[in-house]
Amino acid sequence: MQVVLLCAGMGTRLGSRTEALPKTLLDLNGKAVLDHILKSVDLDEISDIIVVGGFEIGKLKDHLEKYKGKPLRIVENPDYRDGSVLTVAKAMPFIEGDFIIMNGDHIHPRAMVHKFISEARGIACATDRDRILTDDDMKVKLDASGAVSMMDKKLSDYDCGYIGVTFYAASHLDLYRDYIQITLARHGYKSNVEKIVQCLADDGYKPGVVDLSGFGWLEIDNEGDYRHALEQIAVNPYLKRLV
């Protein structure tokens with residue numbers, strides 16, 4: 001199974017912290033956010049990692065020269081100011097089988113990632129039900145069969161939250177390639193990668209979910225998130241194992 005890490009964005013909501021630094025390289029308790037993510041996917045089931053960078057990619061490449069783990073490829077998205085659909089598109093020529101897509105500003109405990117890839121089938125989104133969701137959180141509405149029917153931050157009626165990881169089986173690889181283009185056609189080049197899931201749901205492909213409540217995870221999108229992450233990575237027993 002391959003991992004695609006989306007690390008191209010500019011992280012403007014973190015202000016001066018990311019004026020000249022990719023958000024995924026922010027220091028978090030002595031290690032870059034990216035290093036915590038790479039440790040979380042250091043699992044036997046993972047064959048290799050594709051990191052898609054964009055903003056300040058030279059710094060990303062320099063940082064990853066020290067990485068000694070799984071085979072890793074760095075891919076550049078020069079259109080990093082646009083939507084993350086274009087970021088994931090840059091990884092597609094290098095994907096050969098089952099793969100998971102992860103955001104470069106989300107940190108998940110290794111046990112959480114392991115549970116997800118152990119249970120995911122077909123098309124599956126990682127979700128949880130143990131958070132109070134805010135306006136900025138991605139929300140998921142399920143249909144009667146338990147499949148994703150809607151995914152959007154603006155939902156007022158929802159069943160769970162999306163936590164930034166999606167699995168696609170090798171049998172859906174060509175479908176996913178097609179739906180990158182379909183999503184761009186329907187929603188434009190500013191679309192985020194979650195719009196692909198929505199388009200698949202709209203057309204009856206019924207993306208599934210895996211409930212990962214009970215672990216805790218981190219998103220670092222703004223200054224409040226960053227300060228919260230500094231606190232949680234020191235006290236959450238699952239996250240502490242990444243330090």
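Structural data are supplied above this passage.
Rules of the game
Residues numbered from 1 in each chain as written. Predicted model: local features only at pLDDT ≥ 70, side-chain atom pairs only at ≥ 80, totals over all residues. Heavy atoms only, no water. Helix = DSSP H or I, 4+ residues; strand = E, 2+ residues; numbered from the N terminus. Rg over C-alpha atoms; globule rule 2.2 N^0.38 Å. Buried < 20%, exposed > 50% of the residue type's maximum accessible area, 1.4 Å probe, protein only. Phe/Tyr/Trp six-rings, centres within 6.5 Å; stacked < 30°, edge-to-face > 60°. Lys NZ or Arg CZ within 6 Å of the ring centre and 35° of its normal. Polar contact = N/O pair within 3.5 Å; in protein donor to acceptor, adjacent residues only side chain to side chain.

Caption draft 1: Spotlight on the overall build of the protein. Secondary structure assignment for the protein yields eight helices and 13 strands. For the protein, whose C-alpha radius of gyration is 17 Å, the value lies close to the compact-globule estimate of 18 Å for 243 residues. By principal-axis analysis of the C-alpha atoms, the protein measures approximately 45 × 35 × 35 Å. In the protein, buried positions account for 51% of the 243 residues.

Caption draft 2: Up close: the packing of aromatic side chains. In total, this model carries five aromatic pairs according to the counting rule given. Judged by centre distance (5.5 Å) and plane angle (70 degrees), the rings of phenylalanine 99 and tyrosine 176 are edge-to-face. A residue pair is termed long-range when its members are at least 10 positions apart, and phenylalanine 99 in strand S6 (residues 99-103) and tyrosine 176 in helix H5 (residues 173-187) qualify at 77 residues. This pair shows no difference in class: phenylalanine 99 is buried, exactly as tyrosine 176 is. For the ring pair tyrosine 179 and tyrosine 205, a centre distance of 5.6 Å and an interplane angle of 75 degrees mean the geometry is edge-to-face. Of the two residues, tyrosine 179 is situated in helix H5 and tyrosine 205 in the loop between helix H6 (194-202) and strand S12 (208-211); the sequence distance between them amounts to 26 residues. For tyrosine 205, a relative accessible area of 40% corresponds to the partly exposed category. Seen from the ring of tyrosine 158, lysine 139 lies directly overhead, with NZ or CZ sitting 6.0 Å from the centre.

Caption draft 3: Local environment of the side chain of histidine 108. Here histidine 108 shows up in the loop between strand S7 (106-107) and helix H4 (110-119). A relative accessible area of 2% means that histidine 108 is categorised as buried. A distance of 2.8 Å separates the side chain of histidine 108 from the backbone oxygen of isoleucine 163, its partner in a polar contact.

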